[in-house]
Amino acid sequence: MSSTELPGVRAVVAAVPPVVSAVKVAEGEEMRSVALPGLTLAVRSRPPGREGLPPALFVHGLGGSSQNWSALMPLLQDVVDGEAVDLPGFGCSPPPDDGNYSVTGHARAVIRFLDAEERGPVHLFGNSLGGAVATRVAAVRPDLVRTLTLVSPALPEIRVQRSAVPTGLLALPGVAALFARMTREWTAEERTRGVMALCYGDPARVSEAGFREAVAEMERRMELPYFWDAMARSARGIVDAYTLGGQQGLWRQAERVLAPTQLVYGGRDQLVSYRMARKAAAAFRDARLLTLPDAGHVAMMEYPEAVAQAFRELLDECGGS
């Protein structure tokens, strides 16, 4: 049994196939399903502006999905052939057969996808949990990564912000189930406002249409019988990764990354501390740092133009490919 597996859950999930509403697909986007040994991944793509562009892969954070990159992807479709993956158990991807939601498990899923599709090396993007996953992929499989762009990556902190503690508590046995019971009467609108208050530097920047789309996605997620299980095990995977030492430690792996790296940190981030920006810039051997004082935890959704410009500058430094 993996360190993030909960006894008896896999059989329950398998016995109750989810019947949920359709996921939001923006104009110009396409969704497809990729079957791999032990898992199936949903992949969101946007056709590139022209033939022959280098591939890019976008990896979302805890509780997110490939939709988190829908604001950024069109801004880069003239320079990369972009795809965004739903990690196992999130978005439209079902849980993995082995129940492994660790950072290593998610990284293995990304590696399997890139190997199967023969898309590497890619320009790899990651946010939060996806940033930790992308860091691990870049460290253990440098052949798969051209450049690395990390938005508020979930790298270990000695002093975690108080506002991030409730998310970390999801890793404790029984807490996710307790929270699910306590919030059973919450509406999708209430849940969405809570998430936005935690993740955005200024939730007022979200348009009414954007908020309604987020509510619809929240309603869809809450229909999934494995939603809280995926959240709890993935949160536990982050906590486990924070405690790993030696060559498997995320900071040690950051030091091993060879790919040119763009770091993006938000000054109002309540989940990943802004003070970690300089430590990250020192850890990655070929790093550039973009700090956005008014951004929260999801700068690619709040300030996609700024993130796109930073990547373009990184691309120019690397010769445009």
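Each value, and the rule that gives it
Residues numbered from 1 in each chain as written. Predicted model: local features only at pLDDT ≥ 70, side-chain atom pairs only at ≥ 80, totals over all residues. Heavy atoms only, no water. Helix = DSSP H or I, 4+ residues; strand = E, 2+ residues; numbered from the N terminus. Buried < 20%, exposed > 50% of the residue type's maximum accessible area, 1.4 Å probe, protein only. Polar contact = N/O pair within 3.5 Å; in protein donor to acceptor, adjacent residues only side chain to side chain. Contact = heavy atoms within 4.5 Å. Axes fitted to C-alpha atoms, helices over the stretch in contact; angles between N-to-C directions. Left-handed = near helix turned anticlockwise from the far one by under 90°. Nonpolar A, V, L, I, M, F, W, Y, C, P; charged D, E, K, R; others polar. Salt bridge = Lys/Arg side-chain N within 4 Å of Asp/Glu carboxyl O. Pairing = 2+ DSSP bridges. Right-handed = clockwise from strand over helix to strand, strands pointing away.

**What to know about the side chain of Ser102**
By the secondary structure assignment, Ser102 is in the loop between strand 4 (81–85) and helix 3 (103–117). Using a relative accessible area of 13% as the deciding quantity, one classes Ser102 as buried. Looking at Ser102, its side chain comes within polar contact range of the side chain of Asn100, at 2.7 Å.

**With respect to the environment of His297**
The topology assignment puts His297 in the loop between strand 8 (287–292) and helix 12 (299–302). Under the relative-accessibility criterion, His297 is labelled buried at 4%. Excluding residues that lie within four positions of it along the chain, His297 makes contacts with Asn127, Ser128, Val151, Ser152, Cys199, Asp269, Leu271, Val272 and Glu302. A polar atom in the side chain of His297 sits 3.0 Å from the side chain of Asp269.

**Focus on the packing of helix 3 against helix 4 (residues 129–140)**
Relative orientation of the contacting elements helix 3 and helix 4 amounts to 65°, with a least axis distance of 9 Å. Relative to helix 4, the crossing made by helix 3 is right-handed. Of the residues in helix 4, those touching helix 3 at Val103, Thr104, His106, Ala107, Val110 and Ile111 are Leu129, Ala132, Val133, Arg136, Val137 and Val140. Among the residues making up the contact of helix 3 with helix 4, the classes are represented as nine nonpolar, two polar and one charged.

**Focus: the pattern of salt bridges**
Enumeration according to the criterion identifies 17 salt bridges in this entry. The salt bridge involving Arg119 is made with Asp81; its shortest N-O contact spans 3.8 Å. Placement of Arg119 in the loop between helix 3 and strand 5 (122–127) and of Asp81 in strand 4 is noted, with a sequence separation of 38 residues between them. Arg220 serves as the salt-bridge partner of Glu217, at 3.1 Å between the closest nitrogen and oxygen. Remark: Arg220 and Glu217 occur in helix 8 (residues 208–222); sequence separation between them is three residues, near one turn of the helix. Here Glu217 matches Arg220 in class, with each residue buried.

**A few points about the sheet that holds strand 2 (residues 39–45)**
The strand order 1-2-4-3-5-6-7-8 describes an open sheet built from eight strands, whose pairing is mixed. The strands lining the two open edges of the sheet, one partner per strand, are strand 1 (30–36) and strand 8. In this sheet, neighbouring strand axes are inclined to one another by 20° on average, regardless of whether the strands run parallel or antiparallel. Strand direction decides the pairing type here: strand 2 and strand 4, joined by three bridges, are antiparallel. Paired with Val43 across the bridge in strand 4 is Val85. The strands touched by helix 11 (residues 276–283) are strand 7 (261–266) and strand 8; relative to strand 7, the strand with the most contacts, the crossing angle is about 175°.

**A look at the pairing of strand 7**
A regular strand carries its side chains on alternate faces of the sheet. Strand 7 sits mainly inside the fold: six of its six residues count as buried. Here strand 7 shows two buried faces, one formed by Thr261, Leu263 and Tyr265 and the other by Gln262, Val264 and Gly266. Sheet topology places strand 6 (residues 145–151) next to strand 7; four bridges connect them, and they run parallel. Bridge pairing links Thr149 to Gln262 in strand 7. Direction of pairing for strand 7 relative to strand 8: parallel, over a ladder of six bridges. Following the sheet pairing, Tyr265 is matched in strand 8 by Thr291. In terms of handedness, the path from strand 7 via helix 11 over to strand 8 forms a crossover that is right-handed.

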